Structures are given as C-alpha cells and as structure tokens.
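Spelled out, the chains give:
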Amino acid sequence: MPALLNRLPRFAWLALWAGLLAARTGFAATNVSAWLTRLPWTSEDGLPNNTVEGLAQTPDGYLWLGTPNGLARFDGVRFENFPTTSFIAPPNRGILAMISDRAGGLQIGMDRGAVIGLNSGQRQVFVPDRELSALTINALTADSEGAVWIAYRGGSVRRLKEGKLKQFTERDGLPGGTDICSLTCDAKGRLWFVKSGQLGVFRDEHLQTLVRCEAGPSRVTRSRNGGVWLCSGFHLYKYDEGGTLKDRGAFIPRRPGTEPSVILESRDGAVWIGTTFSGLFRYDGSDFENIPTAHQEILSLLEDSEGNAWVGTGGGGLDQVRPRAVTLETAEAGLPFEAVQSL
C-alpha cells in the first residue's frame, strides 16, 4: 500500500531538531493548535489544477483527486494524471464531484452531467440528455444498495440505479426551493437529506421530513454513533431519529458570503466543517477550532486510512492536516528560559 504520510519517528525527529533550532535562533513560537497543516501540494508539484473538487481513497491506499483539468492519483510523493478523455469523450472535461463507492471504486460527476463509475479497470458511463447536461452537479452520495444520488446546484436531486435515472420532486417529498440538497448515508445504511430547513430520511421511495431547522445553506453527514450531524447556517447540530435537534453552538459569527460547503465526522468523533470563504473548522465535542489552510474556500474533505485529514481547496491546492507529533514549549508557555541545553 502506498504511504500517504511520512512515518512518525522520522517526522518527530525532524520536528524536534527544527524546534531546537528555532529556540536557539530566537524564532520560537508557542504551538497552540494540536494540528499541523502541511504546506500545500499545488500545480508546481504535479497537481493538474489547484482547485480540488473531489477527494477519495481506494482500498489500495492511493489518494484520488478530481479537478477541472482531470483526475489525478497521489501516492504521497508524486501525482499521476489521467485526462478525462481516457474514460469519456468531450464535451465532458472537468470533474465537479467524486466519491469512493462501497465496491472500492470511484464515482465521478462531470461538468456536463455525466456520471462515471471506475472499478478494477471496468467503466460504467451514464451520459444525460441535453436538458440534464445543462445542470451543474454539486455532490454525489452512494447509498447502501449501490445507487448513486446526485445533488445539483439549483436544488434538484436524481438517483442513478442500475443504469436508470430517477428524478425526485416535491411529489416525492423533496423540499422546494433552490437551496442545494445535501445527502448522506448513516451507519445503518439509511439515506438522509437536508434542504430548505427540512431534515429527514428516505423511506419507501419517499423523502420524509422529520424535523425543521434553520432555513438556508446546510450540509449533513453521518455520525458513527447513530443519527447525523447537521451544519445549518453557522451552527452545528446533532440529531438522532426520534430525538430532538441539539444545537452544539456556532463555529463562526455570521459573515456575508460564507456558508458551509462540506462536513465530515472523523474516526475520533470530531466534526470537520469546510466553508466557502472562511476556511476549515474542527469541533472536538466541546469547542470549535479554526484550522489553518492554504485557501479559504474548502471544496472537499477526506479522512484517510491512517487518520489524516485531506483538504481540497478552491485555488490553493491540496492540504494535509494531521495531529502534531511534537509541541514546542517556550517562555510564553511557562518555560523559565528559552535555551535548553540538556534534557
């Protein structure tokens, strides 16, 4: 399996020497965050485009990135680029959304509405009609039956199942309005949705609203302990079916133009929230922390098999965020003097 991060012992020694050097040269600073953001990978490193719309990891350990210039595979050191013409003909060129499916393959949403399934050298291509190709894909979600749900900008939703596309409308319980419908599959395999201030589940071919929330741009993701996390406006909520919507607080004050763009719960139970213009935030169960990134527009998030967070930005390339292995203690943290000559 390709390594997707530097191994801890090497990194720890490098960080320790860097900390000692900083202390001796007078550039020491107190490390407040427990998270370290690596300098981003960009087009100068081989990334096909600095806008990363989709992130996925396949069972072989490779990281896959969807960009406006095509698909890239990353082994932690170098990128291998795959032009979209290798799996679909023009006019589909750029990738707008990408996920890994339950079979270990990739599901890719294209800029002209096509949906491509890639798995073990096999390819499944769905090309929409002219009217549907004018819609812009925002996100893809795979359900427990292997179907792919497509959420479009402008509020519409369709399901691609066994090569057939079905549109869901207000007759099927889809809330009206032009807000994007955010979808997720929970730990029990149930599909959840949030749109226009309505949160609910998919049952018997119908989208059933369970609870009302703040209207406006919202994103939803599964909780490993059951239920879902909901980011609506600038607040994070937790909801368990049959319970009440619990407000966990605001992660930032209201800012014009900023809205949640992507949300993810990591294996430690923390919730990561990406925004359109205010960067990345992490909720540890009690407090929110703003995690530095290369760019303030966050388009995609992924936790890899080793527990690192990967962040696709809208112009700043690819970031890796991981737990800090070494913390530099200085006089600001209570050390009686800056220079340490013996331990």
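Residues numbered from 1 in each chain as written. Predicted model: local features only at pLDDT ≥ 70, side-chain atom pairs only at ≥ 80, totals over all residues. Heavy atoms only, no water.

(A) Spotlight on the overall build of the protein. Across its full length, the protein carries two helices and 28 strands. Computed over its C-alpha atoms, the radius of gyration of the protein comes to 21 Å, within 12% of the 20 Å expected for a compact globule of 343 residues. By its C-alpha atoms, the protein is 70 × 50 × 35 Å across when sized along the principal axes. Evaluated residue by residue, the protein yields a buried proportion of 48% over its 343 residues. When contacts within the protein are restricted to residue pairs at least 6 apart in sequence, long-range pairs at least 24 apart make up 45% of them. (Helix = DSSP H or I, 4+ residues; strand = E, 2+ residues; numbered from the N terminus. Rg over C-alpha atoms; globule rule 2.2 N^0.38 Å. Buried < 20%, exposed > 50% of the residue type's maximum accessible area, 1.4 Å probe, protein only. Contact = heavy atoms within 4.5 Å.)

(B) Inspection of unusual backbone geometry at higher detail. Note that the residue after Pro-90, namely Pro-91, is joined by a cis bond; omega there is 15 degrees. Following the sequence through the fold, Pro-91 ends up in the loop between β5 (79-82) and β6 (95-100). One non-glycine residue, Glu-162, lies in the positive phi region at around 55 degrees. Tracing the backbone shows Glu-162 in the loop between β12 (157-161) and β13 (164-168).

(C) View of the pattern of salt bridges. For the structure on display, the rule yields 14 salt bridges. Arg-73 is the partner of Glu-80 in a salt bridge, and the nearest nitrogen-oxygen pair spans 2.6 Å. A relative accessible area of 21% places Arg-73 in the partly exposed class. Among the charged side chains, a network of salt bridges with common partners joins Asp-186, Arg-190, Arg-203 and Glu-241. (Salt bridge = Lys/Arg side-chain N within 4 Å of Asp/Glu carboxyl O.)

(D) A look at the sheet that holds strand β8 (residues 115-119). What the four strands build is an open sheet, ordered β6-β7-β8-β9; its pairing is antiparallel. Where the open sheet ends on each side, the last strands, each with one partner, are β6 and β9 (122-126). Geometrically, the sheet is characterised by an average inter-axis angle of 15 degrees between neighbouring strands, direction not taken into account. With four bridges connecting them, strand β7 (residues 106-110) and β8 associate as antiparallel partners. (Pairing = 2+ DSSP bridges. Axes fitted to C-alpha atoms, helices over the stretch in contact; angles between N-to-C directions.)

(E) Structural context of the confidence of the model for the protein. Within the protein, residue pLDDT values average 88, and 90% of them lie at 70 or more. For residues 1-31, every residue scores under 50 in pLDDT, and the model assigns this stretch 50 contacts once sequence neighbours within four places are set aside. (pLDDT = per-residue confidence, 0-100.)

(F) Focus on the pairing of strand β26 (residues 298-303). Of all the six residues making up β26, five are buried; the element is thus mostly covered by neighbouring parts of the structure. As defined by bridge partners, β26 adjoins strand β27 (residues 309-313) across five bridges and the pair is classed as antiparallel. Residue pairing in the sheet places Ile-298 in a bridge with Thr-313 of β27.

(G) Local environment of the side chain of Glu-53. By the secondary structure assignment, Glu-53 is in the loop between β1 (35-37) and β2 (54-57). Summary of buried charges: Glu-53 has no salt-bridge partner, and the nearest side chain of opposite charge, Arg-153, is 4.7 Å away. (Lys, Arg positive; Asp, Glu negative; His and termini not counted.)

(H) Layout of the environment of Val-148. Looking at the element boundaries, Val-148 is found in strand β11 (residues 148-152). The class for Val-148 is buried, based on a relative accessible area of 4%. Each C-alpha atom of the pair Val-148 and Asn-225 lies 24 Å from the other, and the pair is 77 residues apart in sequence. Val-148 has contacts with Gln-107, Leu-140, Thr-141, Arg-158, Arg-159 and Leu-160, leaving out every residue within four places of it along the chain.

(I) Structural context of the packing of aromatic side chains. Counted according to the given criterion, the structure contains 15 aromatic pairs. On the numbers, 4.9 Å between centres and 75 degrees between planes, the contact of Trp-149 with Phe-202 is edge-to-face. In this pair, Trp-149 is assigned in strand β11 and Phe-202 in strand β16 (residues 198-203), connecting sequence segments 53 residues apart. Across the pair, exposure class does not vary: Trp-149 and Phe-202 are buried alike. (Phe/Tyr/Trp six-rings, centres within 6.5 Å; stacked < 30°, edge-to-face > 60°.)

(J) View of the side chain of Asp-143. By secondary structure assignment, the location of Asp-143 is in the loop between β10 (137-142) and β11. Of the polar contacts made by the side chain of Asp-143, one reaches the backbone nitrogen of Glu-145; its length is 2.9 Å. Among the polar contacts made by the side chain of Asp-143, one reaches the main-chain amide nitrogen of Ala-147 at a distance of 2.9 Å. Look past the residues within four positions of Asp-143 in its chain and what remains in contact with it is Arg-102, Trp-149 and Cys-185. (Polar contact = N/O pair within 3.5 Å; in protein donor to acceptor, adjacent residues only side chain to side chain.)

(K) Highlighting the pairing of β6. Of all six residues that make up β6, five are buried, and the element is covered over most of its length. Bridge count for β6 against β7 is five bridges, and the pairing is antiparallel. Residue Met-98 lies in a different strand from β7, and its bridge partner there is Ile-108. Counted between consecutive antiparallel strands, the loop separating β6 from β7 contains five residues, among which Gly-104 sits at a positive phi close to 90 degrees.

(L) View of the sheet that holds β27. Judged by pairing direction, the sheet is antiparallel, and its four strands sit side by side in the order β1-β28-β27-β26 without closing on themselves. Of all strands in the sheet, those with a lone pairing partner are β1 and β26, marking the two edges. Direction aside, neighbouring strands of the sheet carry axes that sit 20 degrees apart on average. Inspection of the sheet shows β27 paired to strand β28 (residues 318-323) by four bridges, in the antiparallel sense. Residue pairing for β28: Gly-312 is matched across the bridge by Leu-318.

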